[in-house]
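Each chain, letter by letter, is given below.
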Amino acid sequence: MTDRTLAEAAAEPSRPSPRHVDAGDEGYSKDLKSRHINMIAIGGAIGTGLFLGAGGRLAGAGPSLAIAYAVCGVFAFFVVRALGELVLYRPSSGAFVSYAREFMGEKGAYTAGWLYFLNWSTTTVADITAAATYAHFWSMFTDVPQWVLAFIALAIVLTANLISVKYFGEMEFWFSLVKVAALVIFLIVGIWLVATSHEIGGHTPGLATITDNGGIFPVGMLPMLLVIQGVVFAYASVELCGVAAGETENPEKIMPKAINSIMWRVGLFYVGSVVLLALLLPYTSYSSDQSPFVTVFDELGVPGAAGIMNLVVLTAALSSLNSGLYSTGRILRSMAMSGSAPRFTARMNKGKVPYGGVLFTAAFGLAGVALNKYMPEEAFEIVLNFASLGILGTWAMVMLCSLHFWRRAQQGRVERPAYRLPWAPYTQLVTLVFLVTVLILMWCDGGVGRTTVLFVPVIGAALVGGWYLVRRRVAEIAASRT
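Rules used in this analysis
Residues numbered from 1 in each chain as written. Predicted model: local features only at pLDDT ≥ 70, side-chain atom pairs only at ≥ 80, totals over all residues. Heavy atoms only, no water. Helix = DSSP H or I, 4+ residues; strand = E, 2+ residues; numbered from the N terminus. Rg over C-alpha atoms; globule rule 2.2 N^0.38 Å. Contact = heavy atoms within 4.5 Å. Buried < 20%, exposed > 50% of the residue type's maximum accessible area, 1.4 Å probe, protein only. Arc of directions from axis to C-beta. Polar contact = N/O pair within 3.5 Å; in protein donor to acceptor, adjacent residues only side chain to side chain. Phe/Tyr/Trp six-rings, centres within 6.5 Å; stacked < 30°, edge-to-face > 60°. Disulfide = S-S within 2.5 Å. Axes fitted to C-alpha atoms, helices over the stretch in contact; angles between N-to-C directions. Parallel < 35°, antiparallel > 145°, perpendicular 65-115°, else oblique. Nonpolar A, V, L, I, M, F, W, Y, C, P; charged D, E, K, R; others polar.

Caption draft 1: Structural context of the overall build of the chain. The secondary structure content of the chain amounts to 20 helices and zero strands. Relative to the globule expectation of 23 Å for 482 residues, the C-alpha radius of gyration of the chain, 23 Å, shows essentially globular dimensions. Principal axes of the C-alpha set define a box for the chain whose edges measure 90 × 45 × 45 Å. The contacts in the chain between residues at least 6 apart in sequence include a share of 80% that link residues at least 24 apart.

Next up, the structure:
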């Protein structure tokens with residue numbers, strides 16, 4: 001070969017690499033329709049973190065909570081937009097675990113998968129805790145121990161989740177519809193109350209409710225910054241639509257619309273709701289042991305309204321629980337097929353549900369039942385902080401996968417779809433800096449937050465130790481496929 005030929009060959013761009021095939025994607029049905037995906041995306045953006053968590057955070061940070069929700073919402077959108085680009089490149093039920101395997105190797109997939117499991121195994125505990133807390137609102141359940149109610153919630157959702165993905169899709173569709181309808185009604189009623197200055201619990205809603213009670217930062221700016229680590233938990237399910245894409249037809253048509261709509265939903269439902277809550281009642285009227293929406297309707301004195309809203313927020317908790325069992329089942333199966341998760345989590349039933357992974361997650365929910373028995377008051381906040389660690393890790397892995405994907409595209413090894421994460425690679429880098437900042441804020445918060453950060457080295461050591469236990473099996477499976 002001449003020097004000229006060599007120069008011409010070097011000048012040619014690299015050819016795209018063969019499309020990665022993930023064994024964990026085999027065997028699923030494609031029963032999720034466009035309406036399911038759209039409502040799953042909505043349900044992922046509206047969860048327990050808003051319906052229950054906003055009460056305690058309003059009491060702690062005041063109206064500035066709306067700013068925290070807006071900031072976290074922007075980064076949540078970046079994460080789901082990055083995941084959306086990867087989904088359109090290659091839909092997979094293993095989602096970011098599958099992408100980590102392709103771009104970062106088996107160690108990356110192992111780390112991404114177990115961090116996601118940490119997220120949802122602890123979120124499962126938070127959801128059943130929230131469900132039990134909501135149920136205590138009604139007098140008929142007041143004398144029932146919180147742990148019993150938590151167990152009942154877990155048993156009901158687990159049973160429905162094991163039947164088929166179609167049942168999951170339908171359940172999540174109606175759960176999300178109820179949540180959206182309730183928030184729309186609240187927004188309409190709240191705007192009317194503010195516009196008419198209708199008295200609520202001895203207070204006249206309006207800007208004076210904020211200005212007469214310390215303004216936007218009644219307790220300073222620091223509490224608003226510190227509460228961000230809890231606000232991140234509110235967006236814990238935004239990645240769910242990426243997992244669900246592996247069980248739907250034509251994801252290239254459905255996913256962009258579903259993902260793009262997340263941004264305005266965040267602005268309308270999260271930020272809009274918190275602003276209205278701050279306008280309707282002084283921030284001191286809210287508490288961590290009751291949904292702020294229930295507080296408003298309770299103070300309004302409309303017969304039965306608080307009970308209906310409490311039923312809605314109970315639905316939100318069950319929806320989040322439903323989503324967690326669904327997504328971890330798929331993620332664990334993707335890992336088990338490569339050897340980095342227990343073998344039985346790869347098993348599927350006749351309904352094409354990876355029941356092994358679903359049951360494995362539910363088993364950790366039983367630990368949450370015990371937590372509700374012995375520490376009913378602290379259960380939600382304890383698991384909330386550990387779930388936040390899992391969320392931070394999962395989001396970081398998504399952005400790292402996106403960064404590797406962008407670099408390969410620059411090298412000509414892969415082709416980016418038309419639907420892309422804007423401003424790459426700066427978006428990924430800024431998001432990663434934000435996630436590290438949240439971890440620092442958890443430390444600065446002290447108490448449970450600082451204790452949680454102290455567990456980061458423990459989690460890291462557990463991941464390293466676990467990898468040494470499974471690496472031989474992972475290598476054997478990889479070699480057999482090669």
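Caption draft 2: Spatial organisation of helix H19 (residues 447–454). Considered for burial, the residues of H19 that qualify are Gly449, Thr452 and Val453. Seen end-on, H19 carries its buried residues on one side only, within an arc spanning 95°.

Caption draft 3: Layout of the side chain of Thr328. Looking at the element boundaries, Thr328 is found in helix H15 (residues 305–336). A relative accessible area of 2% places Thr328 in the buried class. Among the polar contacts listed, one links the side chain of Thr328 to the side chain of Thr361, at a separation of 2.9 Å. Beyond its immediate chain neighbours, meaning those up to four positions away, Thr328 contacts Tyr116, Trp120 and Thr361.

Caption draft 4: Representation of the packing of aromatic side chains within the structure. A complete count under the given rule lists 21 aromatic pairs for this structure. Their ring planes at 40° and their centres at 5.2 Å tell us that Tyr69 and Tyr270 sit as a pair that is tilted. Of this pair, Tyr69 sits in helix H5 (residues 65–89) while Tyr270 sits in helix H13 (residues 251–280), placing them 201 residues apart in sequence. Given a relative accessible area of 0%, Tyr69 falls into the buried group. Their ring planes at 70° and their centres at 5.5 Å tell us that Phe360 and Phe364 sit as a pair that is edge-to-face. Note that Phe360 and Phe364 are positioned in helix H16 (residues 355–374) at a spacing of four residues, about one turn of the helix.

Caption draft 5: Summary view of the state of the cysteines. What the rule picks out here adds up to zero disulfides. With no disulfide of its own, Cys72 has Cys444 as its nearest cysteine by sulfur position, at a separation of 15 Å.

Caption draft 6: Fine view of the packing of H5 against H13. Running from N to C, H5 and H13 point in directions that differ by 175°, and their axes come no closer than 9 Å. Classified by the interaxial angle, the pair formed by H5 and H13 is roughly antiparallel. Looking at side-chain class alone, the contact of H5 with H13 contains 20 nonpolar, three polar and two charged residues.

Caption draft 7: Main features of the environment of Val294. Turning to its location among the elements, Val294 is positioned in helix H14 (residues 292–300). Sequence separation between Val294 and Met309 is 15 residues; the distance between their C-alpha atoms is 5.8 Å.

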